[in-house]
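# Structural features, examined
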Amino acid sequence: LEPVETPWGPAVDPVSAAIGVAADLPLPQALMVVDPVATLLAGTTDRFTLASQQCRTRVRRLLQERADLPVTRLADPAAESPAESFYRGHMLVAGFPESRCGVPRRGASGKQFFVDILLDGLAIEIDGAVKYTGLEALTAEKLREDDLRETGLGFHRVFVEHLFADPSSEMERLHNRSARHVRRA
């Protein structure tokens, strides 16, 4: 491949380019750049594999061989959207413990689901406007949430528009919600 000139220097491959860009960004934005590269390096689309500690550790090691940066040590190949990465980055900056993306969980019915972000028994779901375009989608999501709640999992919903508009307020909401969840657990 021929190098492509970028504002961050010549880019030879997507991994190096992403790390070069991410190195100049705050953590939430840096994760938006590096998490998709982590998924690419995982070499699979299998959600169970992407969510595994073994996969996360292997991908982080590969990223750190390129550059040992906070973002390469925190990359999550199971993040499914830039909004999940952005939210997780703000959680870390706000002092929350490291959480995981795309966590497999069985509902009380036995059905298999994946939680966007899991933080100490609290499912954090990042919702965009597209998710609720019809009654059928809304009903299915409500049934999914009810099924998971029956296992004792708490829920915290974040609308992506609110997240990007005011991440600090969203972190305050999470702080309040997680405190209530811990008291009930």
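Scoring rules and cut-offs
- Residues numbered from 1 in each chain as written.
- Predicted model: local features only at pLDDT ≥ 70, side-chain atom pairs only at ≥ 80, totals over all residues.
- Heavy atoms only, no water.
- Phe/Tyr/Trp six-rings, centres within 6.5 Å; stacked < 30°, edge-to-face > 60°.
- Helix = DSSP H or I, 4+ residues; strand = E, 2+ residues; numbered from the N terminus.
- Lys NZ or Arg CZ within 6 Å of the ring centre and 35° of its normal.
- Core = buried A, V, L, I, M, F, W, Y, C linked by side-chain atoms within 4.5 Å.
- Buried < 20%, exposed > 50% of the residue type's maximum accessible area, 1.4 Å probe, protein only.
- Contact = heavy atoms within 4.5 Å.
- Pairing = 2+ DSSP bridges.
- Axes fitted to C-alpha atoms, helices over the stretch in contact; angles between N-to-C directions.

## Here we look at the packing of aromatic side chains
In total, this model carries two aromatic pairs according to the counting rule given. Between Phe86 and Phe164 the ring centres are 4.8 Å apart and the planes differ by 40°, which places this aromatic pair in the tilted class. Here the residue Phe86 occupies a position in helix H6 (residues 82–93), and Phe164 occupies one in helix H8 (residues 160–165), the gap between them amounting to 78 residues. The lysine or arginine in question, Arg47, covers the ring of Phe114, its NZ or CZ lying 4.1 Å from the ring centre.

## Let's talk about the nonpolar core
Ranked by size, the top nonpolar core spans 38 residues in total, and within it Leu63, Tyr87, Met91, Ile124, Ile126 and Leu174 carry the most contacts. Ranked by the residues each element gives to this core, the list is headed by helix H2 (residues 27–42), at seven residues. Among all residues touching Tyr87, those that are not within four sequence positions of it are Ile117, Ile124, Ile126, His156, Val158, Leu163, Glu170, Met171 and Leu174.

## Concerning the sheet that holds strand S6 (residues 154–159)
The four strands are arranged S3-S4-S5-S6 in an open sheet whose pairing can be described as mixed. Of all strands in the sheet, those bounded by a partner on one side alone are strand S3 (100–106) and S6. Strand after strand, the sheet turns through a mean of 50° between neighbouring axes, direction not considered. Pairing of S3 with strand S4 (residues 112–119), which is carried by six bridges, proceeds in the antiparallel orientation. From the neighbouring strand, Arg106 faces S4, where its bridge partner is Gln112. Across the sheet, H6 lies against S3, S4, strand S5 (122–127) and S6, angled at about 35° from S4, the strand it touches most. Relative to the sheet, helix H7 (residues 135–149) contacts S3, S4, S5 and S6, its axis offset from that of S6 by approximately 145°.

## What to know about unusual backbone geometry
Notably, Asp120 is not glycine yet its phi reads approximately 45°, a positive angle. Mapped onto the secondary structure, Asp120 falls in the loop between S4 and S5. Exposure remark for Asp120: the relative accessible area of 62% places this residue in the exposed category.

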